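Report on the structure
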Amino acid sequence: MAEATRRLGPYWTMTRSQVYRELPALAEGGLVRVGKPGPRASVPYTISANGKRAFTRWLNEPARIGQLRDPVALRTAFLDYISKDTAEEMFADATEQHQEALAEARAAAKDYADEDPNAAIAMEFAIGYHRSALSWLKKR
């Protein structure tokens, strides 16, 4: 989970509960194998040959863009119902969060540059997203 968050987190969110909720269904479908329980009842899973084939098929399907869901943009559509102080605080908080996320994405892209160039390229999406959000926040 930690590696998935490190590698994908800047542009694809997932929670531990989402991942662990899906694993039994993937095992039932023969896409992963269940290992022997470990410490604190942890259960290791490994991808099966069927899982690798399914993953390859999924990678080769046409990709559609995701739907953007940004709570600050949504609230901005209703600024008439928010006090000026609340709005300014919201924009300041969003700016700070995007600046931090941008710095983290830049660092991750740099870390991945030699280790995994494709992960570094994907990280550029997160960098562009946070730059765009900061640009939008400056204009409002």
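Residue numbers restart at each chain and count upward from 1, following the sequence in its written direction. Reporting in this predicted model follows two pLDDT cut-offs: at least 70 for local features of residues, and 80 or more for side-chain atom pairs to be given and counted; totals over whole chains, interfaces and linings ignore these cut-offs and use all residues. Excluding hydrogens and water, the side-chain values take into account all heavy atoms of the structure.

**Considering the packing of helix α5 (residues 84-115) against helix α6 (residues 117-139)**
Here, axes are lines fitted to C-alpha atoms. For helices the fit covers the stretch in contact, and angles between N-to-C directions go from 0 to 180 degrees. Each helix is a run of H or I in the DSSP string that is no shorter than four residues. Each strand is a run of E no shorter than two, and both are numbered from the N terminus. Look at α5 against α6: their axes get within 8 Å of each other, and the N-to-C directions meet at 160 degrees. Between α5 and α6, the angle is such that the two are roughly antiparallel. The chirality of how α5 crosses α6 is left-handed. Three classes are used: nonpolar for Ala, Val, Leu, Ile, Met, Phe, Trp, Tyr, Cys and Pro, charged for Asp, Glu, Lys and Arg, and polar for all others, with Gly counted as polar. Partitioning the contact of α5 with α6 into residue classes produces 20 nonpolar, 4 polar and 5 charged. Throughout this description, any angle smaller than 35 degrees is read as roughly parallel, any larger than 145 degrees as roughly antiparallel, any in the 65 to 115 degree range as roughly perpendicular, and the remainder as oblique. Crossings are classed by handedness, with left-handed meaning an anticlockwise turn of the near helix from the far one by less than a right angle and right-handed meaning a clockwise turn.

**Looking at the pattern of salt bridges**
Two side chains of opposite charge can pair, provided their charged atoms sit close to one another. By salt bridge we mean one thing: a side-chain nitrogen of Lys or Arg within 4 Å of a carboxyl oxygen of Asp or Glu. The final tally for this structure, using the stated rule, is 4 salt bridges. Residue Glu3 pairs with Arg6 through a salt bridge whose shortest N-O separation is 3.2 Å. Here the residue Glu3 and the residue Arg6 both occupy positions in helix α1 (residues 2-8), the gap between them amounting to 3 residues, near one helical turn. Note that Arg6 and Glu115 form a salt bridge whose closest N and O atoms lie 3.3 Å from each other. In this pair, Arg6 sits in helix α1 while Glu115 sits in helix α5, placing the two residues 109 residues apart along the sequence. Through salt bridges with shared partners, one network takes in Glu3, Arg6 and Glu115.

**Some details on the UniProt feature "coiled-coil region" (unreviewed entry) in the protein chain**
Here the UniProt feature "coiled-coil region" (unreviewed entry) sits at residues 84-115. Along residues 84-115, the helical share is 100% and the strand share 0%, with 46 Å between the first and last C-alpha atoms. UniProt positions are given in the numbering used here, feature names are shortened, and annotations may be inferred rather than shown by experiment.

**Comments concerning a nonpolar patch on the surface**
The patches described consist of residues with a relative accessible area above 30% and no salt bridge, like charges being joined within 9 Å and nonpolar side chains (Val, Leu, Ile, Met, Phe, Trp, Tyr) within 5 Å. For the area figures, the Shrake-Rupley method with a 1.4 Å probe applies, and any residue is considered shielded solely by the protein chains shown. Together, Ile47, Phe55, Trp58 and Leu59 make up a nonpolar patch on the protein surface, roughly 440 Å² of accessible area in all. Sorting elements by how many residues they give to the nonpolar patch places helix α3 (residues 49-60) first, with 3 residues. Locating Ile47 in the fold gives a position in strand β2 (residues 45-47). For Ile47, a relative accessible area of 41% gives the class partly exposed. Only protein chains enter the area calculation, which uses a 1.4 Å probe; residues under 20% of their type maximum are buried, those over 50% are exposed, and those in between are partly exposed.

**Here we look at the nonpolar core**
Judged by nonpolar contacts, Leu102, Ala105, Ala108, Ala109, Tyr112, Ala119, Ala120, Met123, Ala126, Ile127 and Leu134 together constitute the single largest core of 11 residues. Counting only elements with at least two residues in this core, the list comes to α5 and α6. Apart from the residues within four sequence positions on either side, Ala126 is in contact with Pro10, Tyr11 and Ala105. The next biggest cluster of nonpolar side chains, apart from the first, holds 6 residues, and it includes Val72, Ala87, Phe91 and Ala94. Take the buried residues of types Ala, Val, Leu, Ile, Met, Phe, Trp, Tyr and Cys, join any two whose side-chain atoms come within 4.5 Å, and each joined set is a nonpolar core. Only heavy atoms enter the contact rule, under which two residues are in contact if any of them lie within 4.5 Å.

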